[in-house]
Amino acid sequence: MQASRVTTSSPAVRQLRRPAAFPVVAGLAALLCCAFHVEAWALSISQMTTNGRANPLGIGSDDLSLAWAIDSDTRGTVQGAYRVRVGTTESTADVWDSGRVVSDRQIDIALPADLPLRPATRYYWQARIWDGNGTESEWSAPTWFETGLSVGDWSDAKLIAHQSSAARSAVQASSPGALPLFRRVITLVKPLKSARLYASAHGIYQFSLNGRKVGDQFLAPGWTDYTRRLQVQTYDVTAQLHAGDNALGVALGDGWYRGKVGLNWPRIYGDTLALIAKLRVTYADGSVEDFVTDESWRSAEGPFVRADLQDGESYDARREQPGWDRAAFDASNWTPVAIVSGDSNVLVPQPDEPVRATEVLPARSRSEPVPGEYVYDFGQNLIGFARIKIAGKAGQTLRLRHAEEIHRQGEQRGRLYTESLRTAEATDTYTFARDETVTYQPTFTQHGFRYLEITGAAVPPEVGDVAAVVLGSALPNTGDLRLSHPLLDQLVRNIHWGQRGNFLSIPTDTPARDERLGWTGDIAVFAPTASRYQDTRAFLSKWMDDLRDAQRADGNIPAIVPQPRDYFDATGVGWSDAFIAVPYSVWRATGDTRILRRNWDAMRRFYRFVHASATQDGNLLEEGRSSWFSGDWLTLETVDRLAEHRVIATAYFAENTRMMEEMAAALGDATQAAEWAALVPRIREAFVTAYRRADGSIEIGTQTVYAMALGMDLIADPAARAQTAAKFVEKLAADNFHLKTGFLGTPWLLPALSRIGRDDLAMRLLLNEDYPSWGFEIRMGATTMWERWNTIRADGQFGPVEMNSFNHYAYGAVGDWMFGHLGGITIVGPGYRRFRVAPLVTNTALDHASCRLQTPYGLVSSEWTRNGDELRFVVTVPANTAAEVLIPAKTVDSVRESGRPAASAPGVAAAVAEGERVRVNVGSGRYEFVVRRAP
Ligand code: BGC
């Protein structure tokens, strides 16, 4: 897609312009179309994003990339050209005018690197486009992005800490009363125009202005390797300030900085909690005044007695200092803060969506398994904390414990099952200051739970007074799949729930036990599915920054990122490969090359490491990179794991090379793409020579190696492939058509079956309800994905206690296949620029499926309903994209579209019958196909 530039002279066209003449075919299509759409020719722009986000506040000012979707009532709309303008006020172009650019590109329109963008400034931008016929849209409504502070802007702000806390030893720092509050009063002498607060901390902070929480974020500044990057959040606080005195108040908790991280690893970054902030006030007269953290602040110990992400929060209301964050408060007995050393070069604007409360779920029921122990059930395993309204007496302490499960049998029946949490205490306490009714929710912790236990209450709260606040990085939801089969529909929802909370600042493995780490392998297998459900661009791009921070000199990365320094250094195949698989998945799902551009050098360094490892023996077999991992993870097969590892590792080498080739081509590096394109078949051949036996079976013979060999297309020769496919089916038959794959094999299992034409077997595996299967989990009451196939056994006993989580998204990787085959939508060209719609309608388990994907190009959807002999099939194709639709029908004549024979319907091209299906090609628009006597 080469762009050429022509500047138009008159940008301010208010009317839609039609071309003087347009091609006859398009004209006919338009005329037909006009008969049915009153507002035909409406052409406009929506879904405008900057760096994958709508109106981002406080992002970095380099590497900015724009995107938009096109709304059009006309079938077959394409973009022929665009024009973008960027200004410091709405509807101006004082920063940049692209001129008219002849290009069909609308995603990742990079702003020129040399634009003089200032920090802490809002910029407005608009776009207009010309369609393929030369019709011109109006300018879009203005949208904006606002830059955050640059490193240089922090020179006057200091990192401040509570005096005694700074002096305390590591052990004492966690003793009661250790958590500090900070305050300062500022006086605004002139009328205010706008104000921004920029803040970050060692620890996690909650900022308030004049007694009111700032923003709607939780757990800021989020997790990064704080020695490399510490994120700064930007808040628009204009409405929270007024002329005269204003109080700034901040509470700090331990967070990832000082709290427990991973497997009971404490204080991985430091002992001293500290705050850094800048409030920038712009007065009505245009003058600007900054207020920064410095010696003028005071601090004291507050009511947060303990605040740990894993162990929980203890809040002692007796230690509250009413009005501490209001201007009138007397802080004379507070101590001046200490200034601590810190590197302001690590401060970066947070690029992705903040952690927010995304939903509040009411409790559904209450039980009392033993006297005085009240257990509330939210009906859903989730990540967040509880909000309770409860009465108590002065000095009384409530204890809130959290668990994903309750004991299902025996003496413990109905009580919390917390053994799987390992050392995570997941316990919050609240101590009353006086006799009163309060509403309490913690500030500085997060739990993975479905059940809440309250003890220490004289009178337990009513069910209606207990809710769960769901936390997660607030990525926009993009995908929705509804299926008429209740179990499969539940599976779709379980996968999404696992993603919602495990995407919490970083992609984590599990939210409940003492782990909650950025395991690279988990997200590597889950990223394609994740990118169906949500727009992952900003979130996973931020995590790719974390990967670059963790990259070693040899190009490799550890298996956990951010890496808890000094605690874990191992890595291996399937895990570090996230460096390639994650950006590839995001780009495939969104068509946005920004994540590739940003990481390309680092990805290439990683790939060179992989390549060097696989070629060191003079062949193309990956026999190394085993280190800590070998074979598939948590597989149910008992085999020589090192032997399986070798097969898997070479398959990964081929797949990595294939992905790198596609990405090099997308970035315009044809030479590099050609080199890798030539290498892929050679690696595949080496795989076949080494691991495919003469009878067609694959060495080691696990489901995983078959799924990879066939799913990754490693066998080029059709006859050999068919022979191996038969062996795969034999293997599944020997396993009674039940899955046995672990983390690495599962994503390939159903895709491999579909590739060999056995959708029927894929469905069979998916529909299984006995152990081991996805359905079994649901039958056993799962509301998220389990870590193990036997996390709960058929007899109701829990699986191996040392490592057993009820909320691990890796096995949810099947979601991508479900969107692709049951929803029916498969990506052909990145971002659904080209896609295939071919839902599996022949399986009698389903008579309806609806799949909606809000892609960067607009809504892609497929909805089918079977009603007796008739099949109704509605497909939506966004402007500037095209789809191949495979309609379940034996003849072209049996298909009608919007009441007309499909073959002659406007916008429908190349209707061809192919066995049980009719293939049509369509451009943008909404198509309603009806098939009589569907197969
Ligand atoms: C984590 C995983 C991870 C694995 C790797 C587990 O403890 O929870 O999901 O990928 O270790 O060994």
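Located above this text is the structure these notes cover.
Quick caveat: nothing in here was measured; it's all calculated off a predicted structure. (Residues numbered from 1 in each chain as written. Predicted model: local features only at pLDDT ≥ 70, side-chain atom pairs only at ≥ 80, totals over all residues. Heavy atoms only, no water.)

(A) Structural context of the overall build of the protein. Secondary structure assignment for the protein yields 16 helices and 51 strands. Against the globule reference of 30 Å for 935 residues, the protein gives a C-alpha radius of gyration of 29 Å, in line with a compact fold. Projected onto the principal axes, the alpha-carbon positions of the protein cover approximately 85 × 75 × 60 Å. By residue count, 61% of the 935 residues in the protein fall in the buried class. Here the protein holds 98 positive side-chain charges and 108 negative ones, and the gap between their average locations is 3 Å. (Helix = DSSP H or I, 4+ residues; strand = E, 2+ residues; numbered from the N terminus. Rg over C-alpha atoms; globule rule 2.2 N^0.38 Å. Buried < 20%, exposed > 50% of the residue type's maximum accessible area, 1.4 Å probe, protein only. Lys, Arg positive; Asp, Glu negative; His and termini not counted. Charge placed at Lys NZ, Arg CZ, Asp CG, Glu CD.)

(B) The sheet that holds strand S38 (residues 479–483), seen in detail. Judged by pairing direction, the sheet is antiparallel, and its seven strands sit side by side in the order S38-S43-S44-S45-S51-S47-S48 without closing on themselves. The sheet terminates laterally at S38 and strand S48 (900–901), the two strands that pair on one side only. In terms of strand pairing, strand S45 (residues 870–877) meets strand S51 (residues 925–932) through eight bridges, oriented antiparallel. Residue pairing across strands places arginine 872 opposite valine 930, the latter belonging to S51. Of the strands in this sheet, S38, strand S43 (848–855) and strand S44 (858–867) are in contact with helix H16 (residues 814–822), which crosses S38 at around 65 degrees. (Pairing = 2+ DSSP bridges. Contact = heavy atoms within 4.5 Å. Axes fitted to C-alpha atoms, helices over the stretch in contact; angles between N-to-C directions.)

(C) Local environment of unusual backbone geometry. Each neighbour pair has its own omega, and for alanine 220 with proline 221 the value is 15 degrees, a cis peptide bond. Along the chain, the position of proline 221 falls in the loop between strand S15 (212–213) and strand S16 (230–236). In this model, valine 561 is joined to proline 562 through a cis peptide bond whose omega is 0 degrees. Checked against the element boundaries, proline 562 lands in the loop between helix H6 (537–550) and helix H7 (578–590). Positive phi, normally seen in glycine, also occurs at phenylalanine 737, with a value near 50 degrees. Mapped onto the elements, phenylalanine 737 comes out in the loop between helix H12 (718–734) and helix H13 (746–755).

(D) Structural context of the site of the ligand. Near the ligand there are 13 residues, and of these Asp509, Arg513, Glu515, Asp522 and His808 occur at the shortest range. Contacts to the ligand include histidine 808, whose side-chain N or O atom sits 2.8 Å from an oxygen atom. In isolation the ligand has 300 Å² of accessible area, and contact with the protein removes 97% of it. (Near = heavy atom within 4 Å. Polar contact = N/O pair within 3.5 Å; in protein donor to acceptor, adjacent residues only side chain to side chain. Areas by Shrake-Rupley, 256 points an atom, 1.4 Å probe, with all protein chains shown as cover.)

(E) Highlighting helix H11 (residues 703–711). Taken across its nine residues, H11 has nine buried, putting it largely inside the fold. Burial in H11 covers these residues: Gln703, Thr704, Val705, Tyr706, Ala707, Met708, Ala709, Leu710 and Gly711. Buried residues in H11 make contact with helix H9 (641–666), helix H10 (670–691), H12 and H13. Remark: aspartate 713 follows H11 within two positions and exhibits a positive phi of approximately 60 degrees.

(F) Spatial organisation of the side chain of histidine 738. Relative to the helices and strands, histidine 738 is located in the loop between H12 and H13. Residue histidine 738 is classed as buried on the basis of its relative accessible area of 8%. The residues contacting histidine 738, other than those within four sequence positions of it, are Gln703, Leu732, Leu765, Asn768, Asp770, Tyr771 and Pro772.

(G) How the structure looks around the sheet that holds strand S8 (residues 109–110). In spatial order, the strands read S2-S4-S8; together these three strands make up an open sheet with antiparallel pairing. Only two strands of the sheet have a single neighbouring strand rather than two, namely strand S2 (43–50) and S8.

(H) Fine view of the packing of aromatic side chains. Throughout the structure, instances matching the rule amount to 44 aromatic pairs. Measuring from centroid to centroid gives 5.3 Å for phenylalanine 743 and tyrosine 811, while their planes differ by 80 degrees, and the two rings are edge-to-face. Note that phenylalanine 743 is positioned in the loop between H12 and H13 and tyrosine 811 in the loop between helix H15 (774–779) and H16, a separation of 68 residues in sequence. Owing to a relative accessible area of 2%, phenylalanine 743 belongs among the buried residues under this scheme. With 6.1 Å between their ring centres and 85 degrees between their planes, phenylalanine 776 and tryptophan 786 make a pair best called edge-to-face. Taken as a pair, phenylalanine 776 in helix H15 and tryptophan 786 in the loop between H15 and H16 lie far apart in primary sequence, ten residues in all. Overall, the relative accessible area of 2% leaves tryptophan 786 in the buried class. Through a chain of ring-to-ring contacts, the aromatic side chains of Phe304, Tyr315, Tyr430, Phe432, Tyr440 and Phe444 assemble into a single cluster. Seen from the ring of tryptophan 144, arginine 122 lies directly overhead, with NZ or CZ sitting 3.5 Å from the centre. The side chain of lysine 213 reaches across the aromatic face of phenylalanine 218, ending 4.4 Å from its centre. (Phe/Tyr/Trp six-rings, centres within 6.5 Å; stacked < 30°, edge-to-face > 60°. Lys NZ or Arg CZ within 6 Å of the ring centre and 35° of its normal.)

(I) Examining the pattern of salt bridges more closely. Tallied over the full model, the rule gives 65 salt bridges. Residue arginine 597 pairs with aspartate 108 through a salt bridge whose shortest N-O separation is 2.6 Å. Taken together, the positions of arginine 597 in helix H8 (residues 594–615) and aspartate 108 in the loop between strand S7 (100–102) and S8 put the pair 489 residues apart, joining distant regions of the chain. Residue arginine 597 is classed as partly exposed on the basis of its relative accessible area, which comes to 33%. Overlapping salt bridges, with partners in common, bring together Asp63, Arg105, Asp108, Asp545, Arg548, Arg594, Arg597 and Arg598 in one network. (Salt bridge = Lys/Arg side-chain N within 4 Å of Asp/Glu carboxyl O.)

(J) Fine view of the nonpolar core. The biggest cluster of nonpolar side chains holds 244 residues, and the ones touching the most others in it are Phe207, Leu766 and Met818. Broken down by element, this core gets its largest block of residues, eleven residues, from H9. In this structure leucine 766 touches Leu487, Leu488, Leu491, Leu750, Trp774, Val814, Trp817, Met818 and Leu822, once residues within four positions along its chain are discounted. Ranked by size, the runner-up nonpolar core spans 24 residues in total, among them Leu64, Val86, Trp96 and Ile109. (Core = buried A, V, L, I, M, F, W, Y, C linked by side-chain atoms within 4.5 Å.)

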